[in-house]
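The chain contents come next:
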Amino acid sequence: MKVVKIFTFDSSHLLDGHDGKCKNLHGHTYKLEVEVSGELIESGPKEGMVLDFGDLKKIVQREIIDKMDHAFLYNRLNERERSIAQMLEGWSMKTYPLEQRTTAEVMSKHIFHVLKAHQLPVTRVRLWETPTSYSEYEPNVG
Ligand SMILES: [Zn+2]
């Protein structure tokens, strides 16, 4: 059995070295779909649920949305992006580092692993970068 909860957040980023317009600083309203799977809980207050939507919301909100929303997402290993992040941090503005380029592909995989590390039985993460483009990460699919 699977359940999915959908979130949105706004972030800025750029892809240094990109051969098109994404090399410029810009923003997205990301839509995040988190799928969790498991057997139905058989008794108690959560009977008939895989996971309480309220509990799912709490974890995703705390570990992902609160950290990425209205933040500058950047590749910590890229000098230019790191410089921008340091400047913003100097002005107490919000940043969020990744270990790779901040593409939807990298972000969906990163979000999956962050949630997994917080004991969420997550099986798939789909991240919409625009209303017509998404990346999906499922561990067995790669
Ligand atoms: Zn972009």
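None of these values were measured; they are calculated from a predicted model.

About the criteria used
Residues numbered from 1 in each chain as written. Predicted model: local features only at pLDDT ≥ 70, side-chain atom pairs only at ≥ 80, totals over all residues. Heavy atoms only, no water. UniProt positions renumbered as here; feature names shortened; annotations may be inferred. Helix = DSSP H or I, 4+ residues; strand = E, 2+ residues; numbered from the N terminus. Buried < 20%, exposed > 50% of the residue type's maximum accessible area, 1.4 Å probe, protein only. Contact = heavy atoms within 4.5 Å. Polar contact = N/O pair within 3.5 Å; in protein donor to acceptor, adjacent residues only side chain to side chain. Salt bridge = Lys/Arg side-chain N within 4 Å of Asp/Glu carboxyl O. Core = buried A, V, L, I, M, F, W, Y, C linked by side-chain atoms within 4.5 Å. Pairing = 2+ DSSP bridges.

Draft legend 1. Spotlight on the UniProt feature "binding site: Zn(2+)" (unreviewed entry) in the chain. This chain's UniProt record puts "binding site: Zn(2+)" (unreviewed entry) on His 13, His 26 and His 28. These annotated residues cover 16 residues of sequence, and their C-alpha atoms lie no more than 8.3 Å from one another, placing them together at a single site. Looking at the element boundaries, His 26 is found in strand β2 (residues 26-37). Overall, the relative accessible area of 22% leaves His 26 in the partly exposed class. If sequence neighbours within four positions are ignored, His 28 has contacts with Phe 9, Asp 10, Ser 11, His 13, Glu 129 and Thr 130. Polar contacts involving the side chain of His 28 include one to the side chain of His 26, which spans 3.2 Å.

Draft legend 2. Just the pattern of salt bridges, in detail. Per the counting criterion, the structure on display carries 10 salt bridges. With its nearest N and O atoms 2.8 Å apart, the salt bridge here joins Glu 99 to Arg 76. Of this pair, Glu 99 sits in the loop between β4 (95-98) and α3 (104-117) while Arg 76 is found in the loop between β3 (71-75) and α2 (79-90), placing the two residues 23 residues apart along the sequence. We classify Arg 76 as partly exposed; its relative accessible area is 34%. Between Glu 136 and Arg 124 there is a salt bridge, with its nearest N and O atoms 2.8 Å apart. Here the residue Glu 136 occupies a position in strand β6 (residues 133-137), and Arg 124 occupies one in strand β5 (residues 122-130), the gap between them amounting to 12 residues. The partly exposed category is assigned to Glu 136, whose relative accessible area is 32%.

Draft legend 3. Region of the structure containing unusual backbone geometry. Within the chain, His 70 stands out as a residue other than glycine whose phi angle is a positive 60 degrees. Looking at the element boundaries, His 70 is found in the loop between α1 (53-68) and β3. Owing to a relative accessible area of 58%, His 70 belongs among the exposed residues under this scheme. The residue Ser 92 is not glycine, and still its phi comes out positive at about 60 degrees. Positionally, Ser 92 belongs in the loop between α2 and β4. According to the relative accessible area criterion, Ser 92 is exposed, its value standing at 71%.

Draft legend 4. Inspection of the nonpolar core at higher detail. Leu 32, Val 34, Val 36, Val 60, Ile 64, Leu 115 and Leu 120 are the most contacted members of the largest nonpolar core, which totals 29 residues. Breaking this core down by element, the ones donating at least two residues are β1 (2-13), β2, α1, β3, β4, α3 and β5. Counting residues per element, this core draws most heavily on α1, at 6 residues. When neighbours within four sequence positions are excluded, Ile 64 is seen to be in contact with Leu 32, Ile 59, Asp 69, Ile 111, Val 114 and Leu 115. The next biggest cluster of nonpolar side chains, apart from the first, holds 5 residues, and it includes Leu 14, Phe 72, Tyr 74 and Ala 85.

Draft legend 5. Geometry of the pairing of β5. Of all 9 residues in β5, 7 are buried, a share of seventy percent or more. As paired strands, β2 and β5 are joined by 6 bridges and run antiparallel to one another. Counted as the bridge partner of Glu 33 is Arg 126 from β5. Strand direction decides the pairing type here: β5 and β6, joined by 5 bridges, are antiparallel. When the sheet's bridge partners are listed, Leu 127 is paired in β6 with Ser 135. Taking the residues that link successive antiparallel strands as the turn, the β5-β6 hairpin has 2 residues.

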